[in-house]
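Observations on the three-dimensional arrangement
Next come the chains, spelled out residue by residue.
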Amino acid sequence: MGERRFHGKLSADYVLFKRARAHWDELEQQVGRAIARHGRGRGPMTVLDLGCGTGFTAAAILARSPKTRLIALDNEPQMTRQASKNLREWVRAGLVLVKRADALSWLRRARTGSLDAVGSVFTIHNLERGYRSRLLREIRRALKPGGLFVNADKYALAPKPQAKVLRAQIARYFDVLVPLGRHDLFDEVVRHYMADEGPDRVMRESDSVRELRALRFSSNRRVFRRGMDAVYLAVK
């Protein structure tokens, strides 16, 4: 199933993270809007929600593109259980398949040109650099010509501004989690954030732009930025 960075408390209490990210909902809405705009005049789409977590991003996509067939993919069982619950009406209607699988393994089995869009929120930065590069290649292969990749994620800035926004974000988690008595979860979050900054994992904005260009994604552009978080759109 690949690396499971949200095993245990981080997935069981993932909903608490939203309280510490003031613009989390806006990021999900940006993904939903981008996919809806992409789908205008195209008929029903097939969309992959990569690292679906609790299913809230999938819900934002489906709210704007109700005829979409969506695959909600995550490798953490507690996440897929929450997503299945939160998306149950769409699952019952046959519009959503919640799938527990490693992202790279799943994409390698996907047919070339089978996806109209791939959307992701706060997932790809978690991945080790080599795995991330292989994943991006498979995303491009699985997209149809003209298909959309939209990623809302942590894109590291230059070291000095990155250190500033990182301190502010960790302080926000402290303000949310410690009054709830969740010192254990706060400790997990801090360790997770520090690992994100490691040289084998950190996802710098400039490097990501160059990599997408090298993979021959066109219309690669940023449409949102707040602190370390940004939304990028890229077209195959």
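Now for a look at the structure at hand. Only a predicted model underlies this, so the values are computations on that prediction, with no experimental measurement involved.

Read from one edge to the other, the open sheet built from seven strands follows the order β3-β2-β1-β4-β5-β7-β6, with strand pairing classed as mixed. At either margin of the open sheet sits one strand with a lone partner, and together these are β3 (96-100) and β6 (218-226). Ignoring strand direction, the axes of neighbouring strands in this sheet form an average angle of 15°. Where strand β5 (residues 143-154) meets strand β7 (residues 229-235), seven bridges bridge the pair, whose relative direction is antiparallel. Considered in β7, the bridge of Phe-149 is made with Ala-234. Along the sheet face, helix α4 (residues 77-86) touches β2 (69-74) and β3 and points at about 165° away from the line of β3. Helix-sheet contacts for helix α7 (residues 129-142) involve β1 (46-50), β4 (115-121) and β5, and the interaxial angle to β5 is about 145°.

Next up on the list: the packing of aromatic side chains. Across all of its chains, the model carries eight aromatic pairs by this definition. Each ring, one from Tyr-14 and one from Phe-17, has its centre 5.0 Å from the other, and the planes form 55°; the classification is tilted. For the pair shown, Tyr-14 and Phe-17 are each scored as buried. Following the ring pairs from residue to residue traces out a cluster consisting of Tyr-14, Phe-17, Trp-24, Phe-122, Tyr-173 and Tyr-193. When the ring centre of Tyr-193 is taken as origin, the NZ or CZ atom of Lys-154, which lies over that ring, is 3.7 Å away.

Now for the environment of Leu-177. Within the secondary structure layout, Leu-177 lies in helix α8 (residues 159-177). When its relative accessible area of 0% is taken as the criterion, Leu-177 is described as buried. In the structure, Leu-177 is positioned 173 residues away from Arg-4 in sequence and 22 Å away in space, judged by C-alpha atoms. With residues near it in sequence (within four places) discarded, Leu-177 still touches Leu-16, Arg-182, Leu-185, Phe-186 and Val-189.

Attention now goes to the environment of Pro-77. Position of Pro-77 among the secondary structure elements: in helix α4. Placed 73 residues apart in sequence, Pro-77 and Arg-4 show a C-alpha to C-alpha distance of 9.9 Å. If sequence neighbours within four positions are ignored, Pro-77 has contacts with Arg-4 and Arg-100.

Bringing unusual backbone geometry into the picture now. Located in the positive-phi region is Phe-122, a residue other than glycine, with phi close to 55°. When you line up the elements, Phe-122 lands in the loop between β4 and α7. Since its relative accessible area comes to 5%, Phe-122 is described here as buried. Backbone geometry at Ser-219 places phi at a positive 50°, although glycine is not the residue there. Looking at the secondary structure, you find Ser-219 in strand β6.

Rules of the game
Residues numbered from 1 in each chain as written. Predicted model: local features only at pLDDT ≥ 70, side-chain atom pairs only at ≥ 80, totals over all residues. Heavy atoms only, no water. Pairing = 2+ DSSP bridges. Helix = DSSP H or I, 4+ residues; strand = E, 2+ residues; numbered from the N terminus. Axes fitted to C-alpha atoms, helices over the stretch in contact; angles between N-to-C directions. Contact = heavy atoms within 4.5 Å. Phe/Tyr/Trp six-rings, centres within 6.5 Å; stacked < 30°, edge-to-face > 60°. Buried < 20%, exposed > 50% of the residue type's maximum accessible area, 1.4 Å probe, protein only. Lys NZ or Arg CZ within 6 Å of the ring centre and 35° of its normal.

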